[in-house]
Amino acid sequence: MIKSVFKWCAIVLLGVPFSLYILLVLINLSSDEEKSPLVLEYENFLAEKSKIDPKDNAFVYFMGITARPEDDFYEVGLERVKDRTKRLDTIESISEKMPIYDDHIKMAPTLNTILTYDTCSFSNSIEERCIQILDEKQGEIKNLLEENKLFLERYQTILNLKHMYEIHPKNTVKYSGLAYQTIFTLHRLNMLDILYEITNNPNVKLETIRVRLEQEGKFIRNYLSTSNTMISKMIAIGLTKEYFNWTAFILSEIQKNHNQNISITNLTSPLTEAELSFDTTLIGEWQFARGIFDYGFVGGEQNILINYFLIEPFYKRQSTLNLYAETMRSSFKKITGEEPQTINKSPCNQAFINSLGWYSFNPIGKIFSCVGDTVWEDYFDRTDKLQETQRNTIEYAIK
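Just so it is clear, the structure is predicted and the values come from calculations on it, not from any experiment.

1. So, the packing of aromatic side chains
- With the rule as written, the count across this model stands at nine aromatic pairs.
- With 5.0 Å between their ring centres and 40° between their planes, tyrosine 61 and tyrosine 74 make a pair best called tilted. One end of the pair, tyrosine 61, is in helix α3 (residues 58-63); the other, tyrosine 74, is in helix α4 (residues 73-89), and 13 residues separate them in sequence. The residues tyrosine 61 and tyrosine 74 share a single accessibility class, namely buried.
- Joined through ring pairs, the aromatic side chains of Tyr61, Phe73 and Tyr74 make up one cluster.
- The ring centre of phenylalanine 278 lies 5.4 Å from the NZ or CZ of lysine 233, which sits over that ring.
- A cation over a ring is seen here: lysine 366 above tryptophan 358, with NZ or CZ 4.3 Å from the ring centre.

2. Overview of a nonpolar patch on the surface
- Together, Phe18, Ile22, Leu26 and Leu29 line one region of the surface with nonpolar side chains, adding up to about 420 Å² of accessible area.
- Tracing the backbone through its elements, the reader meets isoleucine 22 in helix α1 (residues 2-27).

3. Quick look at the confidence of the model for the chain
- Looking at the chain, pLDDT values average 81 and 76% of them are 70 or higher.
- Ranking the elements of the chain by mean pLDDT puts helix α5 (residues 111-115) last with 58 and helix α10 (residues 206-226) first with 96.

4. Let's talk about the pattern of salt bridges
- What the rule picks out here adds up to 14 salt bridges.
- Residue arginine 290 is joined to glutamate 43 by a salt bridge in which the shortest nitrogen-to-oxygen separation is 3.9 Å. Here arginine 290 is found in helix α14 (residues 279-297), whereas its partner glutamate 43 is found in helix α2 (residues 37-49), with 247 residues between them in sequence.
- Residue aspartate 294 pairs with arginine 317 through a salt bridge whose shortest N-O separation is 2.8 Å. In this pair, aspartate 294 is assigned in helix α14 and arginine 317 in helix α16 (residues 317-336), connecting sequence segments 23 residues apart.

5. Here we look at the side chain of asparagine 322
- Mapped onto the secondary structure, asparagine 322 falls in helix α16.
- For asparagine 322, a relative accessible area of 6% corresponds to the buried category.
- Once you skip the residues sitting within four places of it in the chain, asparagine 322 turns out to touch Glu33, Glu34, Lys35, Ser36 and Val39.

6. Regarding the environment of glutamine 390
- With respect to the element layout, glutamine 390 can be found in helix α19 (residues 377-398).
- Classification of glutamine 390 by relative accessible area gives buried; the value is 6%.
- Glutamine 390 has contacts with Arg221, Phe244, Leu267, Thr268, Ser269, Pro270 and Leu271, leaving out every residue within four places of it along the chain.
- A polar side-chain atom of glutamine 390 sits 2.8 Å from the main-chain carbonyl oxygen of leucine 267.

7. Focus: helix α8 (residues 149-159)
- Regarding α8, the residues found buried are Phe151, Leu152, Arg154, Tyr155, Ile158 and Leu159. Looking down the long axis of α8, one finds its buried residues gathered within 165° of arc, a one-sided arrangement.

8. Quick look at the packing of α10 against helix α11 (residues 230-258)
- Taken N-terminus to C-terminus, the directions of α10 and α11 make an angle of 165°; their axes are 9 Å apart at the nearest point. Between α10 and α11, the angle falls in the class roughly antiparallel. As for how α10 packs across α11, the hand of that crossing is left-handed.
- In terms of residue class, the contact of α10 with α11 is made up of 15 nonpolar, five polar and four charged.

9. Some points on the nonpolar core
- Formed by 88 residues in total, the largest nonpolar core has its most connected members in Phe62, Met164 and Trp286.
- Per-element accounting of this core gives the leading share, 14 residues, to α11.
- The contacts of phenylalanine 62, once residues within four sequence positions are left out, are Tyr155, Ile158, Met164, Leu178, Ile183, Leu186 and Phe219.

10. Some points on empty space enclosed by the protein
- Summed over the entire model, instances satisfying the criterion amount to one cavity of 30 Å³ or more.
- The calculated volume of the largest cavity comes to roughly 30 Å³.
- If you trace the largest cavity, you find it lined by Ile131, Leu134, Asp135, Gln138, Leu195, Thr199, Phe249 and Glu253.
- Contributing elements (two or more residues each) for the lining of the largest cavity: α6 (128-136), α9 (180-200) and α11.
- Per element, the largest residue contribution to the lining of the largest cavity is three residues, and it comes from α6.
- Taken together, the residues of the lining of the largest cavity break down into four nonpolar, two polar and two charged.

Basis of the calculations
- Residues numbered from 1 in each chain as written.
- Predicted model: local features only at pLDDT ≥ 70, side-chain atom pairs only at ≥ 80, totals over all residues.
- Heavy atoms only, no water.
- Phe/Tyr/Trp six-rings, centres within 6.5 Å; stacked < 30°, edge-to-face > 60°.
- Helix = DSSP H or I, 4+ residues; strand = E, 2+ residues; numbered from the N terminus.
- Buried < 20%, exposed > 50% of the residue type's maximum accessible area, 1.4 Å probe, protein only.
- Lys NZ or Arg CZ within 6 Å of the ring centre and 35° of its normal.
- Patch = residues over 30% accessible without salt bridge, like charges linked within 9 Å, V, L, I, M, F, W, Y side chains within 5 Å.
- Areas by Shrake-Rupley, 256 points an atom, 1.4 Å probe, with all protein chains shown as cover.
- Salt bridge = Lys/Arg side-chain N within 4 Å of Asp/Glu carboxyl O.
- pLDDT = per-residue confidence, 0-100.
- Contact = heavy atoms within 4.5 Å.
- Polar contact = N/O pair within 3.5 Å; in protein donor to acceptor, adjacent residues only side chain to side chain.
- Arc of directions from axis to C-beta.
- Axes fitted to C-alpha atoms, helices over the stretch in contact; angles between N-to-C directions.
- Parallel < 35°, antiparallel > 145°, perpendicular 65-115°, else oblique.
- Left-handed = near helix turned anticlockwise from the far one by under 90°.
- Nonpolar A, V, L, I, M, F, W, Y, C, P; charged D, E, K, R; others polar.
- Core = buried A, V, L, I, M, F, W, Y, C linked by side-chain atoms within 4.5 Å.
- 1 Å grid on protein atoms, 1.4 Å probe; cavity = no way out; pocket = protein on both sides within 12 Å on 5 of 7 lines; lining within 4 Å.
- Points joined across faces, edges and corners; volume = space filled by probe spheres on them.

If you want it as structure tokens, here you go:
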């Protein structure tokens, strides 16, 4: 009798899960979805961006910024982009190490030592203490600018370019993006160079200064409007904030040292809808996730049996890509007010009973997509603070 009970218990314990597994396999034999209108919109956008001439794309030049003085830093950057993309897209193991390109020349390391005393930092440039420190460090600033003359010249070339669009490989599992700190450093060097010129050259041509400030602002605000990942959007917001602060500071120094006022359009013009929008960022994040799905999630380095029996049967690539695009768009619409906070049209938000049936098809892709159904208030909060910074710096510049 006892043996019979154990026998039936074993049958139930093994049979029920196995039966559910077979049922799920049968459900997922259905064909995958077609591309959704939103995914088609994203793919069309990415196709247009892929047509950007590399010679007009600042991203390529930043990749080669540390090339030898005798080398064309555009050509070095282009070769690095091609090499890295080829290596990533043909990678056989996600544990394989990516190449680290040698910095043939390095930026002088003293920039932070000049700018981190007490309250003096580029995000807090209009404090009186910062002004005092910059006055005290004129000699160090001069040496720093001389040591980084080649970087400044290359950065001037970059500022004249039409686009700043980060090129993503198909495989984003090991992709690390730009060395974003380099962009900050180059921006800060350029602003220091302008500041040094107006405080040490009584014959400085203020029209030249105006053009340089406008050029810097145009490039940074263009980067803000075209950033195609969340991290690059945050970098662009930080750069724009610093640009507003330092442009206001420089204008006040011009008034003090040269008794003249100049107007900088890229400081005073309100931030545009494109600059505050996250639409391009959403597309880039979707593109990045697609690379994760294709190279790191399914067909990655999992045990072959786990991959064959537990992942591939329950993963539908296009359904996952459609859902991921939809959940991100829904989250952002809710925050921007396009959808009421009490309504979330994301299919991930369903009653428990309904969700059991919904999750039966493509459960792996849906779980992965819905885990990322995140709220993004912090990112929007940063754009609000950026607008506040712009208002404050304009007031400071014209007082």
